[in-house]
Amino acid sequence: MTKIDLSSFQRANEAVFYLRAKLPETLQRPQVAIVCGSGLGGLADTIQPESRIEFDYASIPHFPRSTVVGHAGKLVFGLLGQKIPAVLMVGRAHYYEGHSIDQVAFPIRVFKRLQVDTVVLTNAAGGLNSEYAVGDIVLLNDHIFLAGLAGTHPLRGPNEEEFGVRFPPLSDAYDLDLRRHVHQSWKKVISPESKRKLHEGVYAFCGGPTYETRAESRMLRMLGADVVGMSTVPEIVTARHCGLRVLAFSLVTNKAVLSPVPRGDDNLLQNKAAGELSALLEEGMAGHEEVLEAGRAAAIDMQKLVVETLVDVFDQV
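Residues numbered from 1 in each chain as written. Predicted model: local features only at pLDDT ≥ 70, side-chain atom pairs only at ≥ 80, totals over all residues. Heavy atoms only, no water.

### Some thoughts on the overall build of the protein
Operational definition: Numbering of helices and strands runs from the N terminus, with a helix taken as a DSSP run of H or I at least four residues long and a strand as a DSSP run of E at least two residues long. For each residue, the accessible area found with a 1.4 Å probe, counting protein chains only, is set against the maximum for its type, and the residue is called buried under 20%, exposed over 50%, and partly exposed in between. In this analysis, two residues are considered to be in contact whenever any of their non-hydrogen atoms come within 4.5 Å of each other. The protein chains shown are the only cover counted for residues, whose accessible areas, like all others here, come from Shrake-Rupley with a 1.4 Å probe.
Helices and strands together make up the secondary structure of the protein, namely 8 helices and 9 strands. The proportion of buried residues among the 317 residues of the protein is 52%. Taking contacts inside the protein between residues at least 6 apart in sequence as the whole, the part at least 24 apart equals 82%. For the protein, the computed accessible surface area is about 15,000 Å², with 53% contributed by carbon and sulfur atoms.

Okay, here's the thing in structure tokens:
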């Protein structure tokens, strides 16, 4: 039998058909979708327990599976606050796991077919801006997508008019009204005594899974990036192609090392032991457990901010 390649639109419809067959009427058309990044799966705990319905990614037709620690791989439906029907991705698929860039973005197309209006994306990121501290939250207002500029792009190939136009603009990708609500909500949920800060900044997407070198970090900072990570941008590009409103947050879980690598001919290093040299290179080095720990420490504030913002937005709709 000849294998028939389905379009993204057809695959998304099959996934939606499967989900709606198992969902009550009140949850079949969620207003908002939330993508929970590394260490931020606790956002799903903000769903009212009595309304919560879960699906493993493996059970949903065509849905990409996550294999990364800290990404549970569940799609959670339920009511956020008192009355907002929502769907949450507890963990996401990444390009570095071996998924195509189209597969990474596929859940966003499912959200579009579910008739979601707004998508909120969260991630753990390395801080490039020297003013950012570990545990700070960055409200994204722009991005740098070097892979996309080079052709690794979720919209590459025949355009599917059911989702959007051939050449979507991205100068308005990060919804200004939603960002205004975030700043208003921050004042309500975060104590003035808190050391945690809210910034607005630019996110740079890198394919991973390696963390950036010092030279790469300096380059990205020179280009105008404030944080760097391995997700989110392909989803945002796809969301805007689908006409969805976008709100995105980065949690700064480590500070990228921008200082140059020590030179081997530095006279000050000639009498140091090998262990001391290794310590110099390891200073500030990022690790996945560090990312998860920083996520755990800041998760409560992130949850409060996201929920308060969405309740404020949809109470006015």
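### Section: the pairing of strand β6 (residues 137-144)
The line we're drawing: Only strands joined by at least two bridges in the DSSP assignment are considered to pair.
Among the 8 residues in β6, 6 count as buried, and that is most of the element. Relative to strand β7 (residues 198-205), β6 is paired through 7 bridges, and the arrangement is parallel. Pairing of valine 138 across the sheet is with histidine 199, part of β7. The pairing of β6 with strand β9 (residues 245-255) spans 3 bridges and is classified as antiparallel. Looking across to β9, one finds that leucine 139 is bridged to phenylalanine 249.

### Brief notes about a nonpolar patch on the surface
Worth spelling out the cut-off: Within this analysis, patches are made of residues with over 30% relative accessible area and no salt bridge. Like charges are joined at 9 Å or less; nonpolar side chains (Val, Leu, Ile, Met, Phe, Trp, Tyr) at 5 Å or less. Just to be clear on terms, a salt bridge is a Lys or Arg side-chain nitrogen sitting within 4 Å of an Asp or Glu carboxyl oxygen.
On the surface, Leu146, Leu149, Met219 and Leu223 cluster together to form a nonpolar patch covering roughly 400 Å² of accessible area. Contributing elements (two or more residues each) for the nonpolar patch: α3 (146-149) and α5 (214-223). As for its position among the elements, leucine 149 is in helix α3.

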